[in-house]
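# Architecture at a glance
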Amino acid sequence: MKTVITSSGKTTDSDFDKRFGRADFFCVFDNETNETSFIENIHKDSSNAAGTKAAEVMVELGVSKVISGDFGPKAKTMLEKFDIQMVIIQGDGVKINDLIKKLS
Amino acid sequence: MPRQRRLRKIVAPPKFQGYKPYGNNDYSTGSIDLLYEEYEAIKLADYDMMKHIDAAKLMGVSRATFARIYESARQKIAKAFVETKEIIAVYGNAEFDKNWYVCNNCNSRFTIPSTINEQKCPFVSCSSDNIELINK
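Described below are features of the structure shown in this document.

Attention shifts here to the interface of chain A and chain B. With 18 residues of chain A in contact, the opposing surface of chain B contributes 17 residues. In total, chain A and chain B occlude about 1,500 Å² of area from one another, counting both sides; carbon and sulfur atoms represent 55% of this. At the boundary of chain A with chain B, the tally comes to 0 salt bridges. On inspection of chain A and its partner chain B, the count reaches 7 residue pairs in polar contact (both at pLDDT 80 or more). Where the side of chain A that touches chain B is concerned, the elements lending two or more residues are β4 (65–68), α2 (73–81), β5 (85–88) and α3 (96–103) of chain A. Looking at the side of chain A that touches chain B element by element, the count peaks at 4 residues for β5(A). Here the residues of the side of chain A that touches chain B are counted per class, giving 9 nonpolar, 3 polar and 6 charged. Strand direction decides the pairing type here: β5(A) and strand β7 (residues 109–111) of chain B, joined by 2 bridges, are antiparallel. Within the sheet, the bridge partner assigned to I88(A) lies in β7(B) and is R109(B).

Shown next as structure tokens:
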């Protein structure tokens, strides 16, 4: 089962990014193989509908869970439609490492 | 002009489109429209055995309004039984609940899509079933 965590960098020491559509990177974590990979968010500077585009990327990747700080209304409807679980984490200074530890 | 009706939150739509009487001699004498929120009220109060006040909170209406919806649902079902009418499920003033939950153990908020059957926190290290529905 694949999980996406929004990240501000491309290493597991990076900070967790609280934005979904405009996050810098997406960290894809597979809890069966314990592998992580980082994908750059190419839509982060797009003028509109970054959330929708990011949600499309999630669907293409075939993830079942997305962890972020919040989701916009368009991203929410989109993720809901494709039965992707949304998880909201609040609080500052969360690292990607911490979240991966909590998932595995 | 009357005040606009507040949308009633429902968790899931009924899994049927209607009910039909059978074995009655005279042909069915018409149909009765059962609204989604009425179905939900019956489900919460009589199937899930919730208290009206809790059920009302879940549907986002006042206790009194919930009682009115529930009463109307019961009357409709009774009428359909006695007069051998069909029951047809219609949308009504419903709104699907967004299903946001909060984990009381680790404070994360999350949704539970229909593909997941377990009602527990998504983090494996937490996996707490101490979760609560929130209005978001």
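Moving on, we get to the pattern of salt bridges. This model, assessed by the stated rule, comprises 7 salt bridges over all chains. With a closest N to O distance of 3.2 Å, R19(A) and D17(A) form a salt bridge. R19(A) sits in the partly exposed class, given a relative accessible area of 44%. Judged by its relative accessible area of 7%, D17(A) falls in the buried class. For the salt bridge of R8(B) with E37(B), the shortest nitrogen-to-oxygen distance reads 3.8 Å. Separated by 29 residues along the polypeptide, R8(B) in strand β1 (residues 8–10) and E37(B) in helix α1 (residues 36–47) bring together distant segments of the chain. Each member of the pair, R8(B) as well as E37(B), carries the same accessibility label: buried.

What counts, and at which threshold
Residues numbered from 1 in each chain as written. Chains lettered and ligands numbered in written order. Predicted model: local features only at pLDDT ≥ 70, side-chain atom pairs only at ≥ 80, totals over all residues. Heavy atoms only, no water. Contact = heavy atoms within 4.5 Å. Buried area = accessible area lost by both parts, 1.4 Å probe. Salt bridge = Lys/Arg side-chain N within 4 Å of Asp/Glu carboxyl O. Polar contact = N/O pair within 3.5 Å; in protein donor to acceptor, adjacent residues only side chain to side chain. Helix = DSSP H or I, 4+ residues; strand = E, 2+ residues; numbered from the N terminus. Nonpolar A, V, L, I, M, F, W, Y, C, P; charged D, E, K, R; others polar. Pairing = 2+ DSSP bridges. Buried < 20%, exposed > 50% of the residue type's maximum accessible area, 1.4 Å probe, protein only.

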